[in-house]
Amino acid sequence: MIPIAFIFILIYGSLLFFALRHPLLARLAGRSIRRRIGQSLLVVAGLMVGTTAITGSLIGADSTEASSVLNTYRGWGMVDYLVTKPNNASFPSDLATSIAADRSLASVTDGIAPGIDQIASAADLDRRQSESGNVTLFGFDPVAQRRTFGAFILSDGRRTYLDDLQPGGVLLSHRLADHLDAHVGDILHVTAETHSPGPPVYLVVAGIALSEGPGAYQLGQAVYAPLATAQQILRTDEINVVRVSAVGGLEPAHSGFAALSAAVARLGTPGLQAHDSKANDVAQARKNVSFIKTFLVALSVLIMAAGAALVVNLISMLAEERRPQLGILRALGLKRRRLVLLSVIEGAVYSLAAAGIGMVAGIPIGRIVSARFAKAFSEFGGGNFDFRFTFSVKGSTLAQAFALGSVLTLGVVFATARRTSRMSIPAAIRNLPEPAREHRRGWLRKVLIGGAAAFGLVGVVLTKDFVRMAAGIALIAAVATLSRKRLPQRLHTTIVGLVLAGWALRSVYAVNPNANAGTFFPIFIVSLLSTVFALTIIAVANLRIAEWFFGLLGRAFSGLRAMLRPPLAYMARRGMRTGLTTGVFAIVLAMLQMFAVFSFIFRPNYAVAAQGNDVRLLATGSPTITLPPNVRNDVRRFTLIKTAGYVGSFRSPNSFGAGDRAFIPIFELTPDLAARPPLNIENKLKELSKPQAWLAAAGDPSAVAAAGTRGFDCPVDPVTGKAPTTGGSHVRASALVVIDFAAPGQCIELQGTNGPVILRVAGQQTFGVLDGMFAAPAVLASFLGLPKGSAAMLALAPGVNPRATARRIEAAMFGAGVDATPIKELLDQTYRANRSFFSVIDLLMRMGLVVGVLALGIVALRAIIERRHIIGVLRAIGYKRWQVMSGLMTEAATTTFIGVLVGMATGIMMGYIFYRQSDSKVPFGIDWPSILGAIGAVFVAVVVVTLGPAWRASRLPPAEAVRYTE
Amino acid sequence: MDQIVRAVGVRKVYHSGTEVEALRKVDLDVARGEIVAIVGPSGSGKTTLLNCLSGLESIDEGEILIDGTNLAEMSDNDRTSYRAQNMGFVFQAFNLLPVLTAVENVEIPLLLVGRPAKESRAKALETLALVGLEQRAAHTPDRLSGGEQQRVAVARALVHSPAVVWADEPTGNLDTESTQSVMDLFLKLNAGGQSIVMVTHNPALAAMTRRTIKMRDGRIESDAANA
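Only a predicted model underlies this, so the values are computations on that prediction, with no experimental measurement involved.

Rules of the game
- The residue numbering used here restarts from 1 in each chain and proceeds along that chain's sequence as written.
- Throughout, the order in which chains and ligands are written sets their labels, letters from A for the former and numbers from 1 for the latter.
- Owing to the predicted nature of the model, reporting of local features is limited to residues with pLDDT of at least 70; listing and counting of side-chain atom pairs is limited to 80 or more, with chain, interface and lining totals taken over all residues.
- Helix and strand labels come from DSSP, where a helix needs a run of H or I of at least four residues and a strand needs a run of E of at least two; each type is numbered from the N terminus.
- Counting other C-beta atoms within 10 Å of a residue's own tells you its class, since 20 or more makes it buried, 12 or fewer makes it exposed, and anything in between is partly exposed; those C-beta atoms are placed from the backbone.
- Here, residue contact means that the backbone-derived C-beta atoms of the two residues sit within 7 Å.
- To get the radius of gyration, use the C-alpha atoms; to get the globule rule, take the number of residues to the power 0.38 and multiply by 2.2 Å.
- Paired strands, as defined in this entry, are two strands with at least two bridges between them according to DSSP.
- Lines are fitted to the C-alpha atoms to define the axes, a helix being fitted only along its stretch in contact, and any angle between axes, read from their N-to-C directions, falls within 0 to 180 degrees.
- Gly counts as polar in this scheme, as do all residues outside two lists: the nonpolar Ala, Val, Leu, Ile, Met, Phe, Trp, Tyr, Cys and Pro, and the charged Asp, Glu, Lys and Arg.
- Joined through C-beta atoms within 7 Å, a set of buried Ala, Val, Leu, Ile, Met, Phe, Trp, Tyr and Cys residues constitutes a nonpolar core.
- Domain limits in this description derive from either an automatic procedure or a database domain assignment.
- Helix span, as expected, comes to 1.5 Å for every residue beyond the first.
- Here is the rule for angles: anything less than 35 degrees is roughly parallel, anything more than 145 is roughly antiparallel, 65 through 115 is roughly perpendicular, and the remaining ranges are oblique.
- Take the far helix as the reference: if the near one is turned anticlockwise from it by less than a right angle, the crossing is left-handed, and if turned clockwise, right-handed.
- Whether a crossover is right-handed comes down to one check: with the strands pointing away from the viewer, does the path from the first strand over the helix to the second run clockwise; if it does, it is right-handed.

### Observations regarding the overall build of chain A
Counting secondary structure elements, chain A contains 32 helices and 21 strands. The principal-axis extent of the C-alpha atoms belonging to chain A is close to 105 × 65 × 60 Å. By the burial criterion, 55% of the 966 residues in chain A qualify as buried. In chain A, the proportion of contacts linking residues at least 24 apart, taken out of those at least 6 apart, comes to 83%.

Right, here's the structure in full:
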């Protein structure tokens, strides 16, 4: 924030100084702005795009972060710290009393309560519905609730501290109540692993808690019970958590964590540990959102690049229109640098106005972006999490966007003004074509080429990732410059373009798409821009092929040839302008095309994703599942998987969901299960095949050996996120696992019975069916006492309806809390979440399309201004009005077509690279309806924006147009 | 005598705020194969007359016959087609398409009237040779001198053998040497039977033609054969 504010003040302050020192220039700039208000408004509208994109992205990121942090605070409520044993093990409730009695905590805590926190399943016996897998039983101490942690607010408006509930009465979170369709008074059965056998405990739904205060605790599907009732369900008199509230409300200013840790340590109870849970989760929430921030900023960079091309076109248009006037000023003695200053002073006014309006326009864009992200988050959680959206507009963000947008715009204005200020004064005064100019070869140019070549050679050999890619580009640029005169221009440009595109695509292929966002996005963005640039220069250099093609048509229709020759020649031989406009379209279309590929290849492949299974069963708290007799004949294959519910600390530098109280289902991966895995592996370590990844996670020695001697080395420390220093040793994992919430190669750290357990991801299973971690029995042994459960995958006989079967199973087994879901529904849910996520990109890129369409409108206007005389001559020698109009529209349509082609080619190539990296079993393809819809809309918009200028051009009176003075 | 251009009672009024009568009942005949210079001070109406005679501008009164065809009765579309078939133009600012080579510029009128591409190219090269620029056929205008550009423009005006060539200050942007070269070209073409009507400020150039028409305040002040 500070550097950009400083740069803004420095630049605009200097300009103000110069404007005051040169009042003539300031007056001329002011008159130019006021003279044609319509044109000035058009320029401002064009220049505002960049700021709108930045503002939208930054506000989207701010709001996503604010929402994420808000939900974290909501989820913890008044609870700041937890005291637990590893693996959620239980301990005597006296320990909570002992902690509360510690005098050192009196001034820093205002509530210490014993509690229960246990994964369970819930069945509503009246509604015959059950939920499993994501249900938690929370036991709260009513006394502490009343004293510190607050009241539950019920859906009927009542408030309760749980002390007024009837025996067996519990509250449901409104998410769980929705899923069970539960009503107050329903009989409920909660299944969780119990410490001793006994008859089932039947409960009564005493109320449905709103997501406020303690009713929002952990934001999921929850049963909130008085502590005694929770202990009754688990048949224990122990607890497994002590919840501590720090002095200072929801966001305590002073951390009492150190004092609490010391107090817990003084108890001397083995394994008992304090966790700074709320603060850690808030920090993790902010960290998770940094990915979103990087992602949105990366997208806005693309739109800014497109916007920069638009700015160049706009400023060039102004310069062309005023060329005779500027030529006269030069003739009268205005130096070239003063001419640039004149343009920049005018541009500064435009850029400030554009930044102001763009910033305001970006606010609703940011709101839409963040709301869509919130929707995607909610859908990724399968609707289990009560994710609340908040819209955040910070003054500092707006100031940052304003400063950044205006400074970048002014930078482009300056560069363009420098270019357009180079003029032959006599030619400019008479508005004659600029004579050809000899390029001078100065020492600076030699130094730059030499520097680029040296950096390129060293960088390509010695560095990696972004620096290596940049070095390669510098090397290509240096070689291209040096070899320019040695080859015919068209051949030279084509070769340079091919080499550049090849290098850019190779750079993306080389980077791990699961690398952290800071590494991946810069490479991706520069690679995409480089590929677009490379393909654009190839297309523009070879536009004569289009001329040749139309020439072939012209053999039969020479009138057509005559009509198309001028526009095609303008395109082919004004490469810079054509390239800028096609580039705008190409950047945006490349992104849209790439996501059309993603949209296609992320479609669920039902047969492969779940290895032919049709229904998933989950039963938390039940170590086994026995199918009811009435469905057994319909089941072709039944795969039972033992599960354990891990709740506790989870550390991983790049994973969502990391935190102090993460819930991770662990699926026991036996050698038999690994040999016939229940899910497809989407991503894996390069060293392993898919079957080997499963076997390695099951502990098979030969598969483990195939992972290599470094197969257990963590690329970065899972806690600190730091890579080992040169020569330093890697953190080593104790086992390989298959997981769906972290990328292959990454390490995660969980809290085992005897300390931290570090695991490395060998493969990533299909998301959304059995979410969690597949690990060998030996790994599970590190987590003693985890609550047991079970899952099952059913492959049905041909012709059996999965949905009907799932209903029959639930109806028969709801009492045991068995949740049965057709796998197709689970995969569709994930796909919907993916599409929600992509819709953000789609939204931003469609904003980019607007830039492209505007750019074409500007190009059409430029064409009229610049070619006024030529149009007059063409009309004089026999071009009819419709031919002039058709020619200009053909030019716009062809420019768009090339942009679309380049964009589609780039998008398909990029999409294919990601497809190859993803190991997806879905055949490669493109979501044609979405991309063709966008392209169709573009062409319609192009016709609309160019129709007016083309019509105006065709109506130019030839006698007036051929006059050489304005 | 065979008239290629015949104007009778031509009146042209511009309505830009105040009404300006640019041509006041002008009568004029140009014989086939004649080269005529129209001279006069700025604002006298000479360019307006040329524009009206060539059909670039419509007239308010009178009639204009080109080779017997009344332009005033034609629609804009028909007038445009007629120009494409029967007229050639040379302007002061050369007005070549900067993105086309010399030969490509020259062949445009032929393509416009539907002549085959190969034939058009051959004819364009032939015409460039006629103006002495066959070696510069592949050059774009920015690689040509002003005089060369104007000779290319002359070639473009001639390539489809028009009934009449209209030239509006064709040497206005040229140095003395180029002016002479272009004028020699006009005279050579005229000697070959090409009708040319030229507007110029330069009395010396006007004197080289067969006939000079002097204009003042929208009227023909004098119309006399040159010695």
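There's plenty left to go through after this.
### Some words on the overall build of chain B
When you go through chain B residue by residue, the secondary structure sums to seven helices and ten strands. Here chain B has a C-alpha radius of gyration of 17 Å; the compact-globule value for 227 residues is 17 Å, and the two agree. For the C-alpha atoms alone, the extent of chain B along its principal axes is close to 45 × 40 × 40 Å. By residue count, 54% of the 227 residues in chain B fall in the buried class.

### Here's the deal with the sheet that holds strand β9 (residues 211-216) of chain B
Residues and elements named next belong to chain B. Pairing within the open sheet is mixed, and its six strands lie in the order β6-β7-β8-β3-β9-β10. Strands at the two margins of the open sheet, each flanked by one partner only, are β6 (87-90) and β10 (219-225). Here the strands of the sheet are splayed against their neighbours by 15 degrees on average, with no regard to which way each runs.

### Concerning the interface of chain A and chain B
With 34 residues of chain A in contact, the opposing surface of chain B contributes 32 residues. Where the side of chain A that touches chain B is concerned, the elements lending two or more residues are α18 (543-556), α19 (558-573), α29 (868-877) and α32 (958-961) of chain A. By residue number, the principal contributor to the side of chain A that touches chain B is α19 of chain A, which donates nine residues. Grouping the constituent residues of the side of chain A that touches chain B by class yields 18 nonpolar, six polar and ten charged.

### Here's the deal with the nonpolar core
If you look at the biggest cluster of nonpolar residues, it comprises 246 residues, and the most contacted ones within it are Leu310 and Ile587 of chain A together with Ile38 and Val197 of chain B. Counting residues per element, this core draws most heavily on helix α9 (residues 277-321) of chain A, which supplies 22 residues. Of all hydrophobic cores here, the second largest spans 141 residues; its members include Leu172, Ala263, Leu673 and Ala696 of chain A.

### Here we look at the domain arrangement of chain A
How large an interface is tends to be reported as the accessible area lost when its parts come together. Assigned domains within chain A: domain 1 (1-77 + 278-438), domain 2 (81-275), domain 3 (439-541), domain 4 (574-603 + 830-966) and domain 5 (615-799). Between the C-alpha centres of domain 1 of chain A and domain 3 of chain A there is a distance of 26 Å.

### Digging into helix α16 (residues 489-510) of chain A
Between its first and last C-alpha, α16 of chain A extends 31 Å over 22 residues, near the 32 Å set by a 1.5 Å rise per residue. Turning to α16 of chain A, its buried residues are Thr493, Val496, Gly497, Leu500, Ala501, Trp503, Ala504, Leu505, Ser507 and Val508 of chain A.

### So, the packing of helix α20 (residues 575-601) of chain A against helix α28 (residues 823-866) of chain A
All names here are of chain A. The interhelical angle for the contact between α20 and α28, taken along N-to-C directions, is 160 degrees, at an axis separation of 9 Å. The angle between α20 and α28 falls in the class roughly antiparallel. In this structure, the crossing between α20 and α28 has a hand that is left-handed. Contact with α20, carried on its side by Arg577, Thr581, Val584, Phe585, Ile587, Val588, Met591, Leu592, Phe595, Phe598 and Ser599, involves Arg835, Phe838, Ile841, Asp842, Met845, Gly848, Leu849, Val851, Gly852, Ala855, Leu856 and Val859 of α28 and no other residues of that element. For the contact of α20 with α28, the per-class residue count stands at 16 nonpolar, four polar and three charged.

### Brief notes about the packing of α9 of chain A against helix α12 (residues 395-420) of chain A
A pair of packed helices is characterised by two quantities: the angle between their axes and the separation of those axes. Residue and element names in this part refer to chain A. The contact between α9 and α12 brings their axes to 9 Å, and the two run at 40 degrees. Taken together, the axis directions place α9 and α12 in an arrangement best described as oblique. α12 is crossed by α9, and the crossing has right-handed handedness. In this structure, α9 contributes Met304, Ala308, Val311, Val312, Ile315, Ser316 and Ala319 to the contact, and α12 contributes Leu408, Thr409, Val412, Val413, Thr416, Ala417 and Thr420.

### So, the pairing of strand β8 (residues 195-199) of chain B
All names here are of chain B. The element β8 is extensively covered by neighbouring structure, given that five of its five residues are classed as buried. Neither face of β8 is left uncovered, since the one carrying Ser195, Val197 and Val199 and the one carrying Ile196 and Met198 both have all their residues buried. Note that strand β3 (residues 35-39) and β8 share four bridges and pair parallel. The residue bridging Ala37 from the neighbouring strand is Met198, located in β8. Between the parallel elements strand β7 (residues 164-168) and β8, the chain passes through helix α6 (residues 176-191) in a crossover that is right-handed.

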